[in-house]
Amino acid sequence: MYPNLYYFFKDVFGISLPVFKLINAFGFFMALSFISAAWLLKKELRRKQQTGYFTPDQKKITVGEKPTFYGVLPAFLWGCIVGYKLFGLLFTPAAFNTPLTYLSSPEGSVPLGISGGFVFAALRWFEIKRHALPQLQQKNITVWPAQRVTTMALIAAVTGLLGAKLFDNIENWHAFIQHPLASIFSATGFAFYGGLIAATLALWYYARKRKFAFIHLCDAAAPALMFAYAVGRMGCQVAGDGDWGVINTAYLSFQDGKIGYSDPGTLDTAIAMYGNIYIDEQQKGIPQKQVKAFAGLPDWLFACSYLHNINKAGVHAKRCTFDDYCNYLPIPVFPTPLYEIMMAIVLFTVLWALRKKIKIPGRLFALYLVLAGIERLVIEPLRVHITYHLFGLHISQAEIISVLLVAAGAALYLYAPHIKTGSSRVSN
């Protein structure tokens with residue numbers, strides 16, 4: 001596992017670049033997921049635009065403005081933030097070992113913050129001045145939904161992260177109550193469904209304000225969402241963010257993090273010594289299953305010790321050179337993020353292949369909802385989760401939402417022919 005890119009480059013290429021400690025592995029893959037989703041969404045919106053599913057929006061803009069104080073003020077404020085935190089981090093060697101802690105703390109450099117503000121303001125001033133005209137001019141421009149992808153990606157990123165963090169803290173309420181600030185600013189702990197719900201509501205409102213058919217946007221986003229989920233889960237697996245499965249008692253971990261088969265005696269000893277690491281938050285015992293590799297499949301597909309995990313969970317490994325990230329799980333767990341990566345890639349391929357064949361608006365997104373819900377229901381029995389008592393069942397937050405997604409997807413699939421899209425194209 002690689003908690004950030006510094007350790008990856010150092011371990012794989014022998015290159016030591018402390019600045020790479022700023023790039024958290026989970027955050028890196030999270031950024032890649034948004035970038036890839038935005039690219040796929042833009043590609044699909046352009047295809048729908050060419051086939052007549054969207055009509056452009058006419059927008060009047062003013063060009064030729066001269067630089068003013070209020071025109072550069074936002075750039076100055078943004079520069080102050082960047083200078084105070086990011087530049088302050090670059091010139092604070094001690095912060096490199098715990099960059100996320102530094103960035104989420106009040107610490108920073110006031111001189112660099114002010115300097116950054118003036119630099120950003122000066123750049124903005126000269127940029128505005130370069131396009132200034134003797135007289136202001138009014139222009140009408142045509143804007144397609146595909147040209148708004150950057151804005152939509154930013155909206156989805158901000159609201160999605162907030163929603164994911166909110167739902168995760170709700171699910172782990174006891175931990176949140178004990179350490180609220182640590183839970184809020186932690187680099188780990190994000191519930192995908194919370195992000196999906198929050199981002200969907202925000203984009204629905206945005207589409208309504210911009211007056212383009214939200215249902216077509218949903219269809220265009222369906223394959224992109226599934227691909228982004230796969231990329232995001234890569235971050236979970238690489239960083240070891242705690243989003244793993246229950247322990248697999250068919251295996252044990254050695255002191256260097258490698259795994260091997262267990263036997264009843266050593267397993268009982270290991271559970272007696274390390275069982276407290278795996279007791280769930282509801283104090284109901286140690287969630288576990290026992291499955292050995294079969295059909296010639298590799299052991300790592302069934303058990304992972306998550307050596308160097310970003311949560312620092314487990315016990316300390318010997319001969320470790322990863323500074324503060326030297327822990328591994330003494331009893332390995334099922335690598336559920338890896339399973340979800342594989343399933344999400346397969347489901348993305350299915351959605352991408354069907355995107356031109358499904359003609360009725362809304363049905364592709366409906367299929368995405370059903371597949372996403374089923375995927376999570378399949379993986380959830382192997383994951384560590386908190387359960388709720390509902391109608392006599394012990395069910396997790398993800399399972400509740402998954403069932404609702406499948407039901408919503410099925411309902412949308414049936415109702416889709418009756419949806420008024422407002423596009424210029426008549427669906428068959």
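Placed above this text is the structure.
Cut-offs and rules
- Residue numbers here run from 1 along each chain, matching the order of that chain's written sequence.
- Only residues with pLDDT of at least 70 get local features here, since the model is predicted, and only at 80 or more are side-chain atom pairs given and counted; chain-wide, interface and lining totals rely on the full set of residues.
- Side-chain calculation: all heavy atoms of the structure are included, whereas hydrogens and water are not.
- In this description, the term disulfide denotes a pair of cysteine sulfurs within 2.5 Å.
- Patch members must show over 30% relative accessible area and no salt bridge, and they are joined within 9 Å when carrying like charges or within 5 Å when they are nonpolar side chains of Val, Leu, Ile, Met, Phe, Trp or Tyr.
- In short, Shrake-Rupley with a 1.4 Å probe defines the accessible areas, and a residue's cover is counted only from the protein chains shown.
- For this document, the term salt bridge refers to a Lys or Arg side-chain nitrogen within 4 Å of an Asp or Glu carboxyl oxygen.
- Helix and strand assignments come from DSSP, with helices taken as H or I runs of at least 4 residues and strands as E runs of at least 2, each series counted from the N terminus.
- Buried means the residue's accessible area, taken with a 1.4 Å probe over protein chains only, is under 20% of the maximum for its type, while exposed means over 50%, and partly exposed covers the values in between.
- Side-chain rings of Phe, Tyr and Trp, where Trp is taken by its six-membered ring, are said to pair if the distance between their centres is within 6.5 Å; with planes under 30 degrees apart they count as stacked, over 60 as edge-to-face, and otherwise as tilted.
- The criterion for a charge sitting over a ring is simple: Lys NZ or Arg CZ within 6 Å of the ring centre, and within 35 degrees of the ring normal.
- Helix span is expected to be 1.5 Å times the residue number reduced by one.
- In what follows, residue pairs with any heavy atoms lying within 4.5 Å of each other are defined as contacts.
- Helix axes use the C-alpha atoms of the stretch in contact, all axes being lines fitted to C-alpha atoms, and the angles between their N-to-C directions lie in the range 0 to 180 degrees.
- Small angles under 35 degrees read as roughly parallel and large ones over 145 as roughly antiparallel, with 65 to 115 read as roughly perpendicular and the rest as oblique.
- Working rule for handedness: look at the near helix, and if it is turned counterclockwise from the far one by less than a right angle, call the crossing left-handed; if clockwise, right-handed.
- Here a polar contact is recorded for every N or O atom pair within 3.5 Å, except that within protein the pair must consist of a potential hydrogen donor and a potential acceptor, and residues adjacent in sequence are included only if both atoms are side-chain atoms.

Caption draft 1: Representation of the state of the cysteines within the structure. Tallied over the entire structure, the rule returns one disulfide. A sulfur-sulfur distance of 2.1 Å marks the disulfide that ties Cys320 to Cys326. Disulfide Cys320 to Cys326: torsion about the S-S bond roughly -85°, handedness left-handed.

Caption draft 2: Fine view of a nonpolar patch on the surface. Where nonpolar side chains cluster on the molecular surface, the patch consists of Val12, Phe13, Ile15, Leu17 and Val19 and spans about 400 Å² of accessible area. Position of Ile15 relative to the elements: it lies in the loop between helix 1 (5–13) and helix 2 (25–50). A residue is classified by how much of its surface remains accessible, and Ile15, at 36% relative accessible area, is partly exposed.

Caption draft 3: Structural detail: the packing of aromatic side chains. Under the criterion given, the structure shown has 19 aromatic pairs. Seen in terms of ring centroids, Phe9 and Phe13 are 5.5 Å apart; in terms of plane orientation they differ by 40°. Their pairing is tilted. One end of the pair is Phe9 and the other is Phe13, both in helix 1 and four residues apart, which spans about a single turn. Classification of Phe9 as partly exposed rests on a relative accessible area of 24%. Here Phe9 and Phe20 contribute two aromatic rings whose centre-to-centre distance is 4.9 Å and whose plane-to-plane angle is 55°, an arrangement assigned as tilted. Here Phe20 lies in the loop between helix 1 and helix 2 and Phe9 lies in helix 1, a separation of 11 residues in the sequence. Lying over the aromatic face of Tyr413, Arg363 brings its terminal NZ or CZ to 4.1 Å of the ring centre.

Caption draft 4: Quick peek at helix 12 (residues 336–354). Under the 1.5 Å per step criterion, the end-to-end length of helix 12 is 27 Å for 19 residues, consistent within 8% with the ideal 27 Å. Burial in helix 12 covers these residues: Thr336, Pro337, Leu338, Tyr339, Glu340, Ile341, Ala344, Leu347, Phe348 and Leu351. Each element contacted by the buried residues of helix 12 is listed here: helix 2, helix 10 (214–239) and helix 13 (363–379).

Caption draft 5: Summary view of the packing of helix 13 against helix 14 (residues 397–415). At a minimum axis separation of 8 Å, helix 13 and helix 14 run at an interaxial angle of 155°. It follows that helix 13 is roughly antiparallel to helix 14 by the angle criterion. Seen along the crossing, helix 13 lies across helix 14 with a hand that is left-handed. Contacts between helix 13 and helix 14 involve Arg363, Phe365, Ala366, Leu369, Val370, Gly373, Ile374, Arg376 and Leu377 on the former and, on the latter, Ala398, Glu399, Ser402, Val403, Leu405, Val406, Ala408, Gly409, Ala410, Leu412 and Tyr413.

Caption draft 6: Local environment of helix 2. Given a rise of 1.5 Å per residue, 26 residues ought to cover 38 Å, and the 38 Å separating the end C-alpha atoms of helix 2 matches this to within 8%. One side-chain oxygen at the N-terminal end of helix 2 lies 2.7 Å from the backbone nitrogen of Phe26; it belongs to Asn24. Of the residues trailing helix 2, Gly52 is marked for its positive phi of about 90°.

Caption draft 7: How the structure looks around the pattern of salt bridges. The full count for this structure, using the stated rule, is eight salt bridges. In this structure, the salt-bridge partner of Glu340 is Arg233, at a minimum N-O distance of 3.0 Å. Pair noted here: Glu340 is in helix 12 and Arg233 is in helix 10, with a separation of 107 residues, a long-range link. Side by side, Glu340 and Arg233 carry an identical accessibility label, which is buried. Between Arg383 and Glu380 there is a salt bridge, and its shortest N-O distance comes to 3.2 Å. Under the relative-accessibility criterion, Arg383 is labelled buried at 9%. Through salt bridges with shared partners, one network takes in Arg233, Asp243, Glu340, Arg376, Glu380 and Arg383.

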